[in-house]
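Spelled out from the first residue to the last, the chains are:
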Amino acid sequence: MIENQPNEITLIFHSDKEEDKKTRGYVETIEGFAIKTLDLKRERLTETQLAEIANKLNVNIEDMFDDGYADRVKIGSVKGLRDQDALKLLSNDPILLATPILIIGDHAYQFESSYELIREGANITGVKGNPAANVEEKET
């Protein structure tokens, strides 16, 4: 289980994904929170943890796949997979998980880019980072 206090952020990312590395840099500038990181390149999530994250995100298991990476490894469509099979696949091949994911207290948030996190961060209770942290990201 991934448990956080209200003033803690857990960032789940994969260091082989460029956008995730940018997001990690931004998250580390967020003030007033203890930051924990979980790099899926080095650590794996269990099927139970993945199910818990899907619940916190309020999404179906099949919606947790990163479409770009699923295409790269040629697993085909994940639509219609049984949840248990999808969880096993995500646990065994973590690059397939759509990241980055932030867990703050009892809530989880998923972003497609560090810029989206910067833009949406104000909507997440208490999260305010350094808006200059990713100036170049805003320009792209």
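Here, the structure is the one placed above.
Given the structure is predicted, the values throughout are model-derived calculations rather than measurements.

**Details of the nonpolar core**
By size, the foremost hydrophobic cluster in this structure holds 22 residues, and its most contacted members are Ile12, Leu45, Ile53, Met64, Leu90, Leu97 and Ile101. Elements supplying a minimum of two residues to this core: α2 (47-57), α4 (83-92) and β3 (101-104). For this core, the leading source of residues is α2, giving four residues. The contact partners of isoleucine 53, leaving out residues within four places of it in the chain, are Ile2, Ile12, Leu45, Met64, Ile101 and Ile103. In terms of nonpolar packing, the next biggest core, distinct from the first, is built from 12 residues, Tyr26, Val27, Phe33 and Ile118 among them.

**Some words on the pattern of salt bridges**
Going through the model one piece at a time under the given rule, you end up with eight salt bridges. Here arginine 82 ties to aspartate 85 by a salt bridge, and the two come within 3.2 Å at their closest N and O atoms.

**Notes on the environment of aspartate 20**
Here aspartate 20 is to be found in helix α1 (residues 18-27). By relative accessible area, aspartate 20 is classed as buried at 1%. For the pair aspartate 20 and proline 100, spaced 80 residues apart in sequence, the C-alpha to C-alpha distance is 5.7 Å. What aspartate 20 contacts, discounting residues up to four positions off in sequence, is Phe13, His14, Thr99 and Pro100.

**Considerations on the environment of arginine 44**
Mapped onto the elements, arginine 44 comes out in the loop between β2 (34-39) and α2. For arginine 44, a relative accessible area of 53% gives the class exposed. In sequence terms arginine 44 and leucine 90 are 46 residues apart; their C-alpha atoms lie 9.2 Å from each other. In contact with arginine 44, other than residues within four places in its own chain, are Gln49, Ser91, Asn92 and Pro94. At a separation of 3.4 Å, a polar atom in the side chain of arginine 44 contacts the main-chain carbonyl oxygen of asparagine 92.

**Comments concerning the sheet that holds β3**
Across the sheet, which stays open at both edges, the four strands sit in the order β2-β1-β3-β4 with mixed pairing between neighbours. Bordering the open sheet on either side are β2 and β4 (107-110), each of which pairs with just one other strand. Put simply, the sheet's adjacent strands are angled 20 degrees from each other on average, direction ignored. In this sheet, β2 lies alongside strand β1 (residues 8-13) in parallel orientation, the contact comprising six bridges. By the bridge assignment for β2, isoleucine 12 is matched with leucine 38. Along the sheet face, α1 touches β1, β2 and β3 and points at about 165 degrees away from the line of β1.

What counts and how
Residues numbered from 1 in each chain as written. Predicted model: local features only at pLDDT ≥ 70, side-chain atom pairs only at ≥ 80, totals over all residues. Heavy atoms only, no water. Core = buried A, V, L, I, M, F, W, Y, C linked by side-chain atoms within 4.5 Å. Buried < 20%, exposed > 50% of the residue type's maximum accessible area, 1.4 Å probe, protein only. Helix = DSSP H or I, 4+ residues; strand = E, 2+ residues; numbered from the N terminus. Contact = heavy atoms within 4.5 Å. Salt bridge = Lys/Arg side-chain N within 4 Å of Asp/Glu carboxyl O. Polar contact = N/O pair within 3.5 Å; in protein donor to acceptor, adjacent residues only side chain to side chain. Pairing = 2+ DSSP bridges. Axes fitted to C-alpha atoms, helices over the stretch in contact; angles between N-to-C directions.

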